[in-house]
Amino acid sequence: MAAPRRRHATPGRISRVGRQAVPRPRVIMALLLLLGLVCMMLLDGYLRAEIGDDQRIRTGASADSVPTDVLEGGPILSFPGGTARTQSVPDKTIVLTFDDGPDPEWSGKVMDILDETDVPGTFFLVGSMVARYPDVVRRMVDEGNEVGVHTFTHVDLSYQSEARVKREIAQTQLALAGAAGITTTLFRAPYSSKTDAIDDYSWPVYERLGAMGYTSVFIDTDSEDWQQPGVSKIIKWATPEDGEGASVLFHDSGGDRSETLAALPEYIKKMKAKGYTFTTVSGAQQEAGTDGEDADAAAPPGPVQDGGAQRDSAQAAHRKADTASVWEGRALLAAVTVAEWTVPGLATMLGVVGVAVLGRFGLMLLLARRHHRQRNRRRFTWGPEVTGPVSVIVPAYNEKECIAATLNSLAASTHPIEILVVDDGSTDGTAEIAESLGLPNVRVIRQENAGKPAALNNGVRQARHDIVVMMDGDTVFEPDAVHQLVQPFADPGIGAVAGNAKVGNRSTMIGAWQHIEYVMGFNLDRRMYDLLRCMPTIPGAIGAFRRQAVLEAGGMSEDTLAEDTDITIALHRAGWRVVYAEHARAWTEAPASLGQLWRQRYRWSYGTMQALWKHRRSVTDRGPSGRFGRVGMPLVVLFQIVTPVFAPLIDVFTVYAMVFVDFQASLLAWLAILAVQLLCAAYAFRLDREKYRYLLMMPLQQLAYRQLMYLVLIHSCVTAATGGRLRWQKLKRTGEVGTPHVGAS
């Protein structure tokens, strides 16, 4: 006969498991998910000018290095052959230019007016807006309008490095290539006006851009429509004097442009009545005598140059983008689209999670207070006092460091008990230590290594009493723990009781974090679940069951890694009630290292998912099973899976907002959330009569511990989604949790 398959790792394998505490591929996937989220947020923030936003505007600088003929020249500045040359718009000619678009609302309405009046326009586009609204840009180009670069993030380039200037231009060209398949040789700097405003800081920028083949476009008249001065003033300020030609500035984005829309048709009608014609920048250059060779000579290198000028002289500045640029641009637009949907969607989800978290806190506080007052009334009783003997089952695998303290604590029990130590094939002498103690009413049962569920089932079968208490081999009970734990069985409808598990090794930072989690997260939760009659888990460290109920449910199942959750849900579905005994305290040894903590929580979260999936049909059941399925299961899914997965978004969004949006407001919001959590934790500590000093660790817990739990949960979700399997993993014990004093905290 083949030897039974071993469920525990051998000592040699334990060390290897320790070195591989975090399986790399799935952890990398979890980190990539987080990295992807951060990248989406950074991209969205960059597009919305929350990241890299530089609002400095230079004024009053000298212009000593700027040539006089440039300062006194026309609004079209180019550098053919490396020499600065300005051109004026021919007389009786208007070049309508629009800045700061494209805009999904106003740009389209401006184009409607241009189409109705048969007038072309030249639109200087902000690259981030192009990436967000490519359809608007395609329409501009298709309808015969001309487009130019207005930087990617609308910053004053005179303050920027040469690398930043090139990046602003290149990113905008890439967005244009993806949106309309073209690039352009036209450029207008943000916050620019007439050529006489060029100064010693901006002139080098224009020289560099000219060397790259760009034509910089300034203005002759400014409608000042951004001030919303009224339609009549917009028309007046946009009108050139004495029949002169002009490059006229309007805006099709950046705010309410209703006055612009009202003024534009009247302005066009007025200027046509005066004999003016309308053209684009390229059209004005053609009329002023710029030949095609000069236009091609001014073309910038790379994607702007490929394909040559288009035939339409009104769009002579456009160049057909090469294939690589088009696909790179489309990739940029796709990333922007994902960011545009992802970040607001996550923000909405964050709001939902925030409401759920706050709702959970409120519900926990309300029900925990009610539970405490109900169970601690002087006259409260479950029924006649339960004094009959019970069986305590201690599954043990290589627990030599802890088994003596565990059994000595049970020997001090104030309730009559029999103790069954089920040695699951230990190789470190655990069974021998248990026998050598010579304690009364202790039976040591040896079995081949088969796993914890099998050890518990063996103990249940050999138990002599109707009530069985299950515990871990590293846990110590307070003297009255068993007596307190079994009192609810005076009610014949109760099938199981959850005890109050405490972290014994709380002197370290990791131990203190888990202590806070146990008191606030686990025990406060159990009070709530108790009153709602949907307790999802009897802790493995301390729980009591009716022996017959366990046997009828099929015993402790090996179907999941969370056999305690599995059996608890099974008892609910069988019609038994599960309650919480807050005064039944046991002290357990929590993981002492991050690796051990990871393995334990990974098993817990993955096992919980397995148990929920196994009992998923309870959602449609009737009776007690349906009650758990429609009340308990949604609460577990929401608060133990969904909310923890998205809870770190609070931290991510907070850091993002602190760095790029509003530090003070974001910090206050985060502190407000922390204050709510501290309030709940303080109340939980008060109910459990714990010392408040551990709450000093809570801010750091929120910053570090929660992120670790997030990665664990993501790891579990990935494992569940990919159908991965996980075996039991033995945690290293130190035995530092000794026999507690009565009521120790």
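Everything below is about the structure printed above this text.
Keep in mind that this is a model prediction, so the values were computed, not measured.

Asks: Just to check I follow, could you spell out the overall build of the protein for this structure?
Replies: When you go through the protein residue by residue, the secondary structure sums to 25 helices and 20 strands. Burial status across the protein gives 56% buried among its 745 residues. Total accessible area computed for the protein in this model is approximately 31,400 Å², and 55% of it derives from carbon and sulfur atoms.

Asks: Would you mind showing me how to read the pairing of strand 5 (residues 146–149) here?
Replies: Residues in a regular strand point their side chains to alternate faces of the sheet. What you see with strand 5 is no split at all: Glu146 and Gly148 on one side and Val147 and Val149 on the other are buried throughout. Relative to strand 5, strand 4 (residues 122–125) runs parallel, the two being bridged by 4 bridges. Bridge pairing in strand 5 places Phe123 opposite Val147.

Asks: It is not clear to me how empty space enclosed by the protein should be interpreted in this structure. Could you clarify?
Replies: Over the atoms a probe the size of a water molecule is rolled, and this reveals where empty space is left. Counting across every chain of the model gives 3 cavities of 30 Å³ or more. By volume, the second largest cavity is sized at about 70 Å³. Every residue along the wall of the second largest cavity is listed here: Lys452, Leu456, Met470, Met471, Asp472, Ile538, Pro539, Gly540, Phe545, Met556, Glu563 and Asp564. Going through the elements one at a time, helix 16 (452–462), strand 16 (467–471) and helix 20 (563–573) are the ones with two or more residues in the lining of the second largest cavity. A per-class count over the lining of the second largest cavity returns 7 nonpolar, 1 polar and 4 charged.

Asks: Looking at this structure, I do not really get a negative patch on the surface. What am I missing?
Replies: On the surface, Asp91, Glu241, Asp242 and Glu244 cluster together into a patch of negative charge. Considering the arrangement of structural elements, one finds Glu241 in the loop between helix 9 (231–238) and strand 10 (246–251).

Asks: Where do I start with unusual backbone geometry in this structure?
Replies: Most peptide bonds are trans, and most residues other than glycine sit at a negative phi. Geometrically, the link from Gly101 to Pro102 is a cis peptide bond, its omega value of 0° lying close to zero. Mapped onto the elements of the fold, Pro102 is located in the loop between strand 3 (93–101) and helix 4 (106–117). With a phi angle near 80°, Asp100 is a residue other than glycine that sits in the positive phi range. On the secondary structure map, Asp100 appears in strand 3. Looking at Asp100, the relative accessible area reads 16%, which means it is buried. For Thr151, which is not a glycine, the phi torsion comes out positive at approximately 70°.

Asks: Any chance you could explain the sheet that holds strand 16 here in plain terms?
Replies: To summarise the sheet geometry, strands pair through backbone hydrogen bonds and adopt either a parallel or an antiparallel arrangement. The strand order across the open sheet formed by 8 strands is 15-14-13-16-19-18-20-17, and the pairing between neighbours is mixed. Across the chains shown, the open sheet's two edge strands, defined by having one partner strand only, are strand 15 (442–447) and strand 17 (476–477). The pairing of strand 13 (residues 390–396) with strand 14 (residues 417–424) spans 7 bridges and is parallel. Across the sheet, residue Pro395 finds its bridge partner in strand 14, namely Val422.

Asks: Help me out: how do you make sense of the pattern of salt bridges in this one?
Replies: Pairing between side chains of opposite charge can happen when their charged atoms approach one another. For the coordinates displayed, the defined rule picks out 26 salt bridges. A salt bridge links Glu105 to Lys109; the shortest N-O distance between them is 3.8 Å. Take Glu105: its relative accessible area is 42%, and that puts it in the partly exposed class. In this structure Lys109 comes out as partly exposed when scored by relative accessible area, which is 37%. The residue Arg577 makes a salt bridge to Asp491 at a minimum N-O spacing of 4.0 Å. Taken together, the positions of Arg577 in strand 20 (residues 577–588) and Asp491 in the loop between helix 17 (481–486) and strand 18 (494–503) put the pair 86 residues apart, joining distant regions of the chain. A single salt-bridge network, built from bridges that share partners, covers Lys502, Arg506, Arg527, Glu582, Asp688 and Glu690.

Asks: Sorry if this is basic, but what is going on with the side chain of Asn505 here?
Replies: Along the polypeptide, Asn505 turns up in the loop between strand 18 and helix 18 (509–532). In this structure Asn505 comes out as buried when scored by relative accessible area, which is 4%. One polar contact links the side chain of Asn505 to the main-chain carbonyl oxygen of Ala590, over a distance of 2.9 Å.

Asks: I keep staring at the packing of aromatic side chains and nothing clicks. Help me out?
Replies: How two aromatic rings sit relative to each other is given by the distance of their centres and the angle of their planes. Summed over the entire model, instances satisfying the criterion amount to 10 aromatic pairs. When the centroid spacing of 6.2 Å and the interplanar angle of 20° are considered together, the rings of Tyr602 and Tyr606 count as stacked. Note that Tyr602 and Tyr606 are positioned in helix 21 (residues 594–614) at a spacing of 4 residues, about one turn of the helix. For the pair Tyr602 and Tyr606, one class covers both residues: buried. Through successive ring pairs, a cluster of aromatic residues spans Phe98, Phe123, Phe250 and Tyr267. Sitting over the face of the ring of Tyr201, Arg58 holds its NZ or CZ atom 3.8 Å from the ring centroid.

Asks: I would appreciate a short explanation of the packing of helix 13 (residues 323–375) against helix 22 (residues 623–646) in the present structure.
Replies: For any two helices packed against each other, one specifies the crossing angle of their axes together with the interaxial distance. The contact between helix 13 and helix 22 brings their axes to 9 Å, and the two run at 130°. Judged by the inter-axis angle, helix 13 sits oblique to helix 22. Classified by chirality, the crossing of helix 22 by helix 13 is left-handed. Facing Leu346, Met349, Val353, Ala356, Val357 and Arg360 of helix 13, the residues of helix 22 in contact are Phe639, Thr643 and Phe646. Class assignment for the residues of the contact of helix 13 with helix 22 results in 7 nonpolar, 1 polar and 1 charged.

Asks: Got a minute to help me understand a nonpolar patch on the surface in this structure?
Replies: A cluster of nonpolar side chains, Met509, Leu700 and Leu703, forms an exposed patch at the surface whose accessible area comes to about 260 Å². Looking at where Leu703 falls in the secondary structure, it is placed in helix 25 (residues 698–722).

Asks: Looking at this structure, how should I read the pairing of strand 13?
Replies: Counting buried residues along strand 13, 7 of its 7 residues qualify, which places the element largely inside the surrounding structure. The handedness of the strand 13 to strand 14 crossover, carried by helix 14 (residues 403–411), is right-handed. In the sheet, strand 13 pairs with strand 16 via 3 bridges, with the strands oriented parallel. Its bridge partner being in strand 16, Val392 is matched across the sheet by Val469.

Asks: When you look at the packing of helix 9 against helix 10 (residues 258–273) in this model, what are you seeing that I'm missing?
Replies: One way to put it is that helix 9 packs onto helix 10 with a least axis distance of 9 Å and a crossing angle of 50°. Comparing their axes, helix 10 and helix 9 come out oblique. Helix 10 is crossed by helix 9, and the crossing has right-handed handedness. Contacts from Val231, Ile234, Ile235 and Ala238 in helix 9 reach Glu259, Thr260, Ala262, Ala263, Glu266, Tyr267 and Lys270 in helix 10. Partitioned by chemical class, the residues of the contact of helix 9 with helix 10 number 7 nonpolar, 1 polar and 3 charged.

What counts, and at which threshold
Residues numbered from 1 in each chain as written. Predicted model: local features only at pLDDT ≥ 70, side-chain atom pairs only at ≥ 80, totals over all residues. Heavy atoms only, no water. Helix = DSSP H or I, 4+ residues; strand = E, 2+ residues; numbered from the N terminus. Buried < 20%, exposed > 50% of the residue type's maximum accessible area, 1.4 Å probe, protein only. Areas by Shrake-Rupley, 256 points an atom, 1.4 Å probe, with all protein chains shown as cover. Pairing = 2+ DSSP bridges. 1 Å grid on protein atoms, 1.4 Å probe; cavity = no way out; pocket = protein on both sides within 12 Å on 5 of 7 lines; lining within 4 Å. Points joined across faces, edges and corners; volume = space filled by probe spheres on them. Nonpolar A, V, L, I, M, F, W, Y, C, P; charged D, E, K, R; others polar. Patch = residues over 30% accessible without salt bridge, like charges linked within 9 Å, V, L, I, M, F, W, Y side chains within 5 Å. Salt bridge = Lys/Arg side-chain N within 4 Å of Asp/Glu carboxyl O. Lys, Arg positive; Asp, Glu negative; His and termini not counted. Charge placed at Lys NZ, Arg CZ, Asp CG, Glu CD. Polar contact = N/O pair within 3.5 Å; in protein donor to acceptor, adjacent residues only side chain to side chain. Phe/Tyr/Trp six-rings, centres within 6.5 Å; stacked < 30°, edge-to-face > 60°. Lys NZ or Arg CZ within 6 Å of the ring centre and 35° of its normal. Axes fitted to C-alpha atoms, helices over the stretch in contact; angles between N-to-C directions. Parallel < 35°, antiparallel > 145°, perpendicular 65-115°, else oblique. Left-handed = near helix turned anticlockwise from the far one by under 90°. Contact = heavy atoms within 4.5 Å. Right-handed = clockwise from strand over helix to strand, strands pointing away.

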